[in-house]
Amino acid sequence: MEAFRSTLIKAALEARANAYAPYSGYRVGAALLTENEEVYTGCNIENASYGATNCAERTAFFKALSEGKRRFKAIAIAGGKEGSPEDYAFPCGICRQVMQEFCKEDFVILVTKTEQDYQEYRLKDMLPHGFGGDKLQ
Ligand code: THU
């Protein structure tokens, strides 16, 4: 995991270039690390029917999940208005809930401006007392 921080951040910043955000101008890239240390990237994909928009994080998760991946270690997220990110982009509530479904509480979330400038959190800090499938058993 240690060595993967800069790889993941770089991949998130690169994925941001593919963001389709003509309505908000808020461009987001994400890079997700699987347990086997494969990287899946994603960007936000907006829609004229705004509710059909998909966040960058969920794009990355759904790409990986649809290829059978189920265990994840970390995600890097880079987002902001056009240009390089001026602030850290934190995952929205829906994306945190998707993380809750597939990740353990120590899942690492890197919110990044540049390769050198990032903050690191754990899922348990981003979604305390999260609701999970264990409650339904
Ligand atoms: N967005 C993301 O991609 N990830 C988040 O966690 C927050 C929001 C996108 C969705 C939309 O395209 C734009 O940012 C503004 O909400």
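The structure this text deals with has already been given above.
Figured I'd write up the structure that's included with this text. (Residues numbered from 1 in each chain as written. Predicted model: local features only at pLDDT ≥ 70, side-chain atom pairs only at ≥ 80, totals over all residues. Heavy atoms only, no water.)

Okay, the packing of aromatic side chains next. The tally for this structure, following the rule as stated, stands at four aromatic pairs. Geometrically, the ring pair formed by Tyr23 and Tyr50 is tilted, given 5.8 Å between the ring centres and 45 degrees between the ring planes. Taken as a pair, Tyr23 in the loop between helix H1 (4–16) and strand E1 (26–34) and Tyr50 in the loop between strand E2 (39–43) and helix H2 (56–65) lie far apart in primary sequence, 27 residues in all. Seen in terms of ring centroids, Phe61 and Phe107 are 6.1 Å apart; in terms of plane orientation they differ by 55 degrees. Their pairing is tilted. Taken together, the residues span a long stretch of sequence, with Phe61 in helix H2 and Phe107 in the loop between helix H3 (93–102) and strand E4 (108–112) at a distance of 46 residues. Relative accessible area serves as the criterion here: at 1%, Phe61 is assigned to the buried category. On the basis of relative accessibility, which here comes to 1%, the residue Phe107 falls in the buried class. Here the aromatic residues Phe61, Phe72 and Phe107 are joined through ring pairs into a cluster of three or more. In this arrangement the basic side chain of Lys113 is found over the ring face of Tyr88, its NZ or CZ atom lying 4.6 Å from the centre. (Phe/Tyr/Trp six-rings, centres within 6.5 Å; stacked < 30°, edge-to-face > 60°. Helix = DSSP H or I, 4+ residues; strand = E, 2+ residues; numbered from the N terminus. Buried < 20%, exposed > 50% of the residue type's maximum accessible area, 1.4 Å probe, protein only. Lys NZ or Arg CZ within 6 Å of the ring centre and 35° of its normal.)

Taken together, the neighbourhood of the ligand is formed by Ser24, Tyr26, Val28, Asn44, Glu46, Thr53, Cys55, Ala56, Glu57, Phe90, Pro91 and Cys92. Out of a free accessible area of 370 Å², the ligand has 78% covered by protein chains. Sorting the residues of the shell around the ligand by element identifies E1 and H2 as the ones contributing at least two each. (Near = heavy atom within 4 Å. Areas by Shrake-Rupley, 256 points an atom, 1.4 Å probe, with all protein chains shown as cover.)

Another aspect to go through is the pattern of salt bridges. A side chain of one charge can pair with a side chain of the opposite charge when the charged atoms of the two come close. Scanning all chains against the criterion turns up four salt bridges. Between Arg5 and Glu120 there is a salt bridge, with the nearest N and O atoms lying 2.7 Å from each other. With Arg5 in helix H1 and Glu120 in strand E5 (residues 118–122), this pair connects stretches of sequence that are 115 residues apart. Judged by its relative accessible area of 31%, Glu120 falls in the partly exposed class. (Salt bridge = Lys/Arg side-chain N within 4 Å of Asp/Glu carboxyl O.)

To continue, consider the sheet that holds E5. On the basis of which strands lie adjacent, the open sheet formed by five strands has the order E2-E1-E3-E4-E5 and mixed pairing. Here the strands that pair on one side only, and so sit at the sheet edges, are E2 and E5. Between one strand axis and the next, the sheet turns by 20 degrees as a mean value, whatever way the strands run. One ladder, built from five bridges, connects E4 with E5; its direction is antiparallel. Of the residues in E5, the one forming a bridge with Val111 is Gln119. Of the strands in this sheet, E1, E2 and strand E3 (72–81) touch H2, which is tilted by about 140 degrees from E2. (Pairing = 2+ DSSP bridges. Axes fitted to C-alpha atoms, helices over the stretch in contact; angles between N-to-C directions. Contact = heavy atoms within 4.5 Å.)

What follows covers the pairing of E1. Extensive coverage of E1 is indicated by the burial of eight of its nine residues. The pairing of E1 with E3 spans nine bridges and is antiparallel. Looking at the pairing, Arg27 lines up with Gly80 of E3. Turn length for the E1-E2 hairpin, with the two strands adjacent in sequence and antiparallel, is four residues, and the turn residue Glu37 shows positive phi of about 65 degrees.

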